[in-house]
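Below are the chains, spelled out letter by letter.
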Amino acid sequence: MSGIFYRALFMAVVCLCPVQADMIIAGYTDAANDRFTKDAGFILAGHDLSGVGRTAGSRWATAISRNVIISASHYQPSGTVSFYTSNDPALAPVTRTISSTMTLAIPGTDLFLGVLDQNLPNSITHYDFATTPLSGAETFLASAGPYQGLNAYSFGLSLFDVGSDPDRSVVNDQAVGRNLVSAYSENVSFNGNTDNDALLFLQDSPGHANFVTHEAEFIAGDSGAPTFVEVGGDLLLLGTNAFTLSDDPVTFTYNGVNYTGNQAATIQDFVSASAVPEPSALVTMSLVLVPLVTRRRRVFMALRHIGWMEII
């Protein structure tokens, strides 16, 4: 699929917050789709998922550097984030706190960045994010460029009953479903955003040519969770889950993901400005840093998007 497809689909854009529910995954099983069931048949078995974190408030935070996380602004995380070094819920998580002052809701978008109080250890990975700029006419669907048609993996809340296992809780409630990247959309209007560029994933029915095993549908509570594609054997972050989109009358429904590529420079600037040298590096860099101690560090304050939101 390429070029321009459908006109004026944006009649019903629904944010995915704040009511809690489980991601709808076709043919869901704990073994295939629940990260912390630890089954060898898990659809992302063999990939390092340690950088996908959760808060006790059921919010998502994904590491994109040693001390920066990304999420969705309309469902932004705060407080302590728990990261697991493996898919074993019995292990003690690595915890970090999001600074209340070092955050950035990228203006006009639904992308949210936050700084952790300490660097993550080497046992917790962080992910490269998509940086390819995409473009298209507003209210049209365009090609998603190099990601068009790729199989993507989206995180969301699991159907597993976390109350049935003493090692399970909100912070390790994670499921993974799949879908194909269907299109790109410029400036999707929701929650007051004016520059929210998104990747869209058509929800196909079983039997359709583009239906995939474990096809996922976003539900409230999945906002801020990451969506990845696999490139060269590694996971590349496309963005954060944000909304569902339908035409009127409803004949098509899409999952919408806040795309990082068009905001890559802003994201990278924030990551660079927030970087904290490792303790071992501080000793060797001390003579270089002394002349700079009087410079004020750049602080990003969170911008709160206020707008009408329909809850699903």
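Scope of this entry: the structure provided in the associated data block. (Residues numbered from 1 in each chain as written. Predicted model: local features only at pLDDT ≥ 70, side-chain atom pairs only at ≥ 80, totals over all residues. Heavy atoms only, no water.)

### As for the sheet that holds strand β5 (residues 68–72)
For step 1, the next point in the chain: Around the barrel, which closes on itself, the six strands sit in the order β3-β4-β5-β8-β7-β6 with antiparallel pairing between neighbours. For this sheet the average axis-to-axis angle between neighbouring strands, irrespective of direction, equals 40°.
For step 2, the next point in the chain: Pairing analysis gives two bridges linking strand β3 (residues 52–55) to strand β6 (residues 80–83), with the strands arranged antiparallel. Residue Thr55 lies in a different strand from β6, and its bridge partner there is Val81.
For step 3, the next point in the chain: Packing of helix α2 (residues 264–274) onto the sheet brings it into contact with β5, β7 (94–105) and β8 (111–116), and relative to β8 it is tilted by some 10°. (Pairing = 2+ DSSP bridges. Helix = DSSP H or I, 4+ residues; strand = E, 2+ residues; numbered from the N terminus. Axes fitted to C-alpha atoms, helices over the stretch in contact; angles between N-to-C directions. Contact = heavy atoms within 4.5 Å.)

### As for the packing of aromatic side chains
For step 1, the next point in the chain: All chains considered together, the criterion is met by seven aromatic pairs.
For step 2, the next point in the chain: Aromatic pair Tyr147 and Tyr259: ring centres 6.1 Å apart, planes at 65°, arrangement edge-to-face. With Tyr147 in the loop between β9 (141–142) and β10 (151–156) and Tyr259 in strand β17 (residues 253–259), this residue pair connects regions lying 112 residues apart in the sequence.
For step 3, the next point in the chain: Looking at Tyr259, the relative accessible area reads 1%, which means it is buried.
For step 4, the next point in the chain: Aromatic side chains Phe155 and Phe228 sit 6.0 Å apart centroid to centroid with 75° between the ring planes, which places their arrangement in the edge-to-face category. Of the two residues, Phe155 is situated in strand β10 and Phe228 in strand β15 (residues 226–231); the sequence distance between them amounts to 73 residues. As far as the burial class goes, Phe155 and Phe228 line up, both buried.
For step 5, the next point in the chain: Pairwise contacts between aromatic rings join Trp60, Tyr127, Phe155 and Phe228 into one cluster.
For step 6, the next point in the chain: Cation over ring: Arg54 sits above Trp60, and NZ or CZ is 4.4 Å from the ring centre. (Phe/Tyr/Trp six-rings, centres within 6.5 Å; stacked < 30°, edge-to-face > 60°. Buried < 20%, exposed > 50% of the residue type's maximum accessible area, 1.4 Å probe, protein only. Lys NZ or Arg CZ within 6 Å of the ring centre and 35° of its normal.)

### Concerning the layout of surface pockets
For step 1, the next point in the chain: Considered as a void within the structure, the second largest pocket measures approximately 210 Å³ in volume.
For step 2, the next point in the chain: Every residue along the wall of the second largest pocket is listed here: Gly46, His47, Asp48, Thr125, His126, Tyr127, Asp128, Val231, Gly233, Asp234, Leu235 and Leu236.
For step 3, the next point in the chain: Considering each element in turn, the lining of the second largest pocket owes the most residues, three residues, to strand β16 (residues 234–246).
For step 4, the next point in the chain: Of the residues that constitute the lining of the second largest pocket, the class distribution is four nonpolar, five polar and three charged. (1 Å grid on protein atoms, 1.4 Å probe; cavity = no way out; pocket = protein on both sides within 12 Å on 5 of 7 lines; lining within 4 Å. Points joined across faces, edges and corners; volume = space filled by probe spheres on them. Nonpolar A, V, L, I, M, F, W, Y, C, P; charged D, E, K, R; others polar.)

### With respect to unusual backbone geometry
For step 1, the next point in the chain: You will see that Ser58, though not glycine, has its phi angle at about 70°, which is positive.
For step 2, the next point in the chain: Relative accessible area serves as the criterion here: at 9%, Ser58 is assigned to the buried category.
For step 3, the next point in the chain: Its identity is not glycine, yet His214 carries a phi of approximately 65°, on the positive side.
For step 4, the next point in the chain: As for its position among the elements, His214 is in the loop between β13 (198–202) and β14 (216–217).

### Concerning the pairing of β5
For step 1, the next point in the chain: Burial of β5 is extensive: five of the five residues sit out of reach of the surface.
For step 2, the next point in the chain: The side-chain alternation of β5 yields two buried faces, one formed by Val68, Ile70 and Ala72 and the other by Ile69 and Ser71.
For step 3, the next point in the chain: In this sheet, β5 lies alongside strand β4 (residues 60–63) in antiparallel orientation, the contact comprising two bridges. What sits directly across from Ala63, in β5, is Ile69.
For step 4, the next point in the chain: If you look at the hairpin formed by β4 and β5, you'll find four residues sitting between the two strands.
For step 5, the next point in the chain: Two strands pair when backbone bridges link them, and β5 and β8 are joined in this way by five bridges, in the antiparallel orientation. Bridging from a neighbouring strand, Val68 pairs with Val115 of β8.

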